[in-house]
Each structure stands twice: as structure tokens, then as C-alpha cells.
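Each chain, written out:
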Amino acid sequence: MRLYITTAFITLIVLIGIIGYQQQFGLDSTLPTDEEQGGLNDQIVINFSHIVAENTPKGQTAIKFAELLEQKTDGRIRVVIYPNGMLYNDNNELNALENGDVEMIAPSFSKMTNTLPTWSVLDLPYLFNTEEDVERVLAGPFGEQLLNQLGRFNIKGLAFWNNGFKQILTSGKPILASGDFKGLKVRAMPSKVLQQQFTLFQATPVATSFDELYTELEKKELNAQENTISNIYSKGFYKLQKNLTITNHGILGYAVMMNEDFYNSLPTDLQEKVIEAINEATAWNFEHSKQMNDKDLESLQLLSDVHINTLSNEEQQRWQKLFKPIYDDYRKQISETFLEEIEKEINNN
């Protein structure tokens, strides 16, 4: 006890001496502060939830966006990314965004088609021929027109990101013709267009969330799926389904969204930085998404137990004819104008 009192007394004398010395020589007597910690108190955090792996076009673009925004705002905004459905899955992320439980998500546009039926135009099979077509539509005025429709749901539509063209993966025999789908259970997102394309081929579409897909494959509940190469490789679906057919029959893309109340709460200068960062990240996405899919395809080609086929040109043309009723239904039930606009955008360039 005596030692404790002595130590405390000596410490007090030393502090008095330091303060007196600072006052005598006109030095600042304020105790040192942690400037970095103080800055963190003013930092704005954006929680960004998505459902795919980090080593995919969406995952990598999300990281790029986070880096760009932190740089542009000198750290005033920090983006925390939750990949692989860590925070929300593809069934509940939209509600979380609308309720303000998360600031950003990037669901596939196919998941939005029940909410916004006009968006199903992007699901039409063989609508796009090249990656350039996809970029011109999604990053152009037509894509902006679609994103603006999100405003009625308290959502700020920021951009469309591309994952690439979809292929067919099966656990049984490879898909080489439309007749090969007969009787199969095929995983399809809850988009009427995507489900209709399989019913036309006498298959049964099964709506399974992305985070449950691997488990459903392990349980042998599904015979086939449509997906991009990057998703097939990054999620290890090829370990359970060994036959891959390159069909390029549709695209997989994402709508990058922010809670509108949150966006509006940002100072104007930070809103501008968000838009700058998202535009640069989007340009980066379209430049690199094809490269990532090509690289993952090369990795799959090195695996001796994965069998890769390419749908013939003749069979592709046959598929396009068989898919004609889907286009007719879209024109009659949803919007002939939207379809004409997007076809004009593609065919005039």
C-alpha cells in the first residue's frame, strides 16, 4: 500500500513538472490525441452485401468500387463488403435494402423481374450476340432507363454489372440438342422467361437460391443448371456436375443498388464521388469480366474429369426458333416497345 502511494505521488509530481515546463516555454499542454481514431468517428460506412465469391466479376468489381470510393473521398467513406451471402441471401437482400438494413446490394436482374416485369427483356435467350452488345445496352441510355424504375421502391439504381454469357452444366449426359433436356430438373432463377425456356424443352425448372445450389446438387435434387463459367468454377459446381456445354444462350448481369434514403443523406460532394466511383468500377467490370470467364474456362479445360462441349451453330439456330414463343409472350404481355428499343440498340451498331 505504501509503495502504491509513493508511486502515485511521484507520477503526480512528474506530470506537474511537465505541464509547468510546457507553460514556461509556451508549449501546447494539450495531451496527445489519436487523430486516426478521431477520423474514424466521422467516417461513413457502406455495407455492401452480395451472394457470389470474391474471385468473380461481381466480387472483384465490388472490391474495385470500394477501393475507388475510399480513394476519391480520402477515407471519408469506407465500403465493407460481405460476399458469399454472409449477410443476406438472394431471397432476402432486396427487403433488407428497402428497409435500410444494408446500404448496397447487387442482385441479378433476373431476380428483379417479378418486381419489375419489364426487366425480363434482359433474360430473353439469344438476345445478345457479343459482349459489346451487352455493354452498349447495360451501360447506355436503355440501362439507365431500367435503373430509373427502381426509384418507386426507395432504391437508387447505380449501374448494371456484367458476369458474362451463361452455359449449361449437367450431372448426366451432356446437352448437345434441345431434346436432351427432356425430363431433367434444371435450376433456374424465379424469372418467368428463364423458366419458360426450359419448359419449352420439356424440362422442369426448379427455383433454388444461389447459396443453396451446391447443397441441392450434393443431394442430387437437380440434373442441370445454367450459369456463367466464373460462377461454375468459383463455387466448385463442376465437382458435382461434370458435363459443360458452351451455349452462350443468355447473359447474367447485376443491378447495383443503394438505399435511396441513405444516398440522399450523403452530402452532395460525396454523392458525386459515389457516382464517379461506380462509373469507373462499371467500366472496369466490362473490360475484365470476359477475361475472368476465359481464365476460369482454361482452368476447367485442364481438369480431366470435366467434359466440355460446344453447341453447334445449327443447333443454336434451332434453339432460337424454339424460343420464339418467349419473345411473342413478352411483346403481348409486357412491352412490345421495350423489346423494340433494345433490339434497335443492338442491331443498329
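Structure: see above.
Owing to the predicted nature of the structure, the values given are computational and were not obtained by experimental measurement.

Conventions we followed
Residues numbered from 1 in each chain as written. Predicted model: local features only at pLDDT ≥ 70, side-chain atom pairs only at ≥ 80, totals over all residues. Heavy atoms only, no water. Helix = DSSP H or I, 4+ residues; strand = E, 2+ residues; numbered from the N terminus. Buried < 20%, exposed > 50% of the residue type's maximum accessible area, 1.4 Å probe, protein only. Areas by Shrake-Rupley, 256 points an atom, 1.4 Å probe, with all protein chains shown as cover. Axes fitted to C-alpha atoms, helices over the stretch in contact; angles between N-to-C directions. Left-handed = near helix turned anticlockwise from the far one by under 90°. Contact = heavy atoms within 4.5 Å. Core = buried A, V, L, I, M, F, W, Y, C linked by side-chain atoms within 4.5 Å. Lys, Arg positive; Asp, Glu negative; His and termini not counted. Salt bridge = Lys/Arg side-chain N within 4 Å of Asp/Glu carboxyl O. Expected span 1.5 Å × (residues − 1). Phe/Tyr/Trp six-rings, centres within 6.5 Å; stacked < 30°, edge-to-face > 60°. Pairing = 2+ DSSP bridges. Bend = angle between axes of the 7 residues up to and from the residue. Polar contact = N/O pair within 3.5 Å; in protein donor to acceptor, adjacent residues only side chain to side chain.

## Remarks on the overall build of the chain
Within the chain one finds 13 helices and ten strands. A buried classification covers 48% of the 349 residues belonging to the chain. Carbon together with sulfur atoms contributes 48% to the accessible area of the chain, which is approximately 17300 Å² in total.

## What to know about the packing of helix α7 (residues 192-199) against helix α13 (residues 324-347)
For any two helices packed against each other, the geometry comes down to the angle between their axes and how far apart the axes lie. Across the interface, α7 lies against α13 with an axial gap of 9 Å and an inter-helix angle of 145°. Considering how the two elements wind past one another, α7 and α13 form a crossing that is right-handed. Along its contact with α7, which presents Val-193, Gln-196 and Gln-197, the element α13 presents Pro-325, Ile-326 and Asp-329.

## Description of the nonpolar core
One finds Trp-119, Leu-122, Phe-128 and Ile-342 to be the most contacted residues of the largest nonpolar core, which totals 51 residues. Examining the composition of this core, we find that seven residues originate from one element, α13, more than from any other. Ignoring any residue separated from it by four or fewer positions in sequence, one finds Ile-342 in contact with Val-121, Leu-122, Leu-127, Phe-128, Val-137 and Phe-142.

## Notes on the side chain of Lys-58
One can find Lys-58 in helix α3 (residues 57-72). Here Lys-58 occupies a buried position and makes no salt bridge, while the nearest side chain of opposite charge, Glu-93, is found at 5.8 Å. Lys-58 has contacts with His-50, Ile-51, Val-52, Ala-106, Trp-161 and Tyr-254, leaving out every residue within four places of it along the chain.

## Here's the deal with the pattern of salt bridges
What the rule picks out here adds up to 15 salt bridges. Of the charged contacts, one joins Glu-276 and Lys-273 as a salt bridge, the two residues approaching to 3.9 Å between their closest N and O atoms. Here Glu-276 and its partner Lys-273 are both found in helix α11 (residues 268-301), three residues apart, which amounts to about one turn of the helix. The partly exposed category is assigned to Lys-273, whose relative accessible area is 28%.

## Some details on α3
Across its 16 residues, α3 extends 22 Å between first and last C-alpha, which sits within 8% of the 22 Å expected from 1.5 Å per residue. Here α3 has its buried residues at Pro-57, Lys-58, Gly-59, Thr-61, Ala-62, Phe-65, Ala-66, Leu-68 and Leu-69. Trailing α3 by a residue or two, Asp-74 shows a phi angle of about 55°, which is positive.

## Details of the packing of aromatic side chains
Per the stated rule, a full pass over the model turns up 15 aromatic pairs. Seen from their ring centres, Tyr-126 and Phe-323 are 6.3 Å apart, and the 35° between their planes marks the pair as tilted. Of this pair, Tyr-126 sits in the loop between β3 (104-105) and α5 (131-138) while Phe-323 sits in the loop between α12 (313-322) and α13, and the two are 197 residues apart along the sequence. Residue classification places Phe-323 among the buried positions, given a relative accessible area of 2%.

## Some thoughts on the pairing of strand β2 (residues 77-82)
Both faces of the sheet carry side chains from a regular strand, because those side chains alternate between them. Alignment of strand β1 (residues 44-49) against β2, held across six bridges, turns out to be parallel. In the strand pairing of β2, Asn-47 is matched with Val-80.

## Looking at α13
When the terminal C-alpha atoms of α13 are compared, their 18 Å separation across 24 residues is substantially less than the 34 Å that a helix rising 1.5 Å per residue should span. Along α13, the helix axis deviates most sharply at Ser-335, where the bend reaches about 125°. Regarding α13, the residues found buried are Ile-326, Tyr-327, Tyr-330, Ser-335, Phe-338, Leu-339, Ile-342 and Ile-346. On its buried side, α13 packs onto α5, α6 (141-148) and α7.

## Re unusual backbone geometry
One non-glycine residue, Asn-84, lies in positive phi territory at about 55°. Turning to its location among the elements, Asn-84 is positioned in the loop between β2 and α4 (93-98). A relative accessible area of 35% means that Asn-84 is categorised as partly exposed. Here the phi dihedral of Gln-202 falls at roughly 65°; this positive angle occurs in a residue that is not glycine. Take Gln-202: it is sitting in the loop between α7 and β6 (204-206).

## Quick notes on the side chain of Thr-113
As for its position among the elements, Thr-113 is in the loop between β3 and α5. A relative accessible area of 5% means that Thr-113 is categorised as buried. At a separation of 2.8 Å, a polar atom in the side chain of Thr-113 contacts the main-chain carbonyl oxygen of Ser-110. Sequence-distant contacts of Thr-113, defined by excluding residues within four places in its chain, comprise Trp-119, Ser-120, Asp-123, Pro-190 and Ser-191.

## Here's the deal with the pairing of strand β4 (residues 155-170)
Counting buried positions along β4 gives 15 out of 16 residues, so the element sits mostly inside the fold. Judged from the nine bridges that link them, β4 and strand β9 (residues 251-259) form a sheet pairing that is antiparallel. Directly across from Lys-156, in β9, lies its bridge partner Met-258. Across five bridges, β4 lies against strand β7 (residues 224-228) in antiparallel orientation. Along β7, the bridge assignment pairs Ile-168 with Glu-226. Bridging between β4 and strand β8 (residues 243-246) involves three bridges; their strand directions are antiparallel. Bridged to Leu-169 within β8 is Leu-244.

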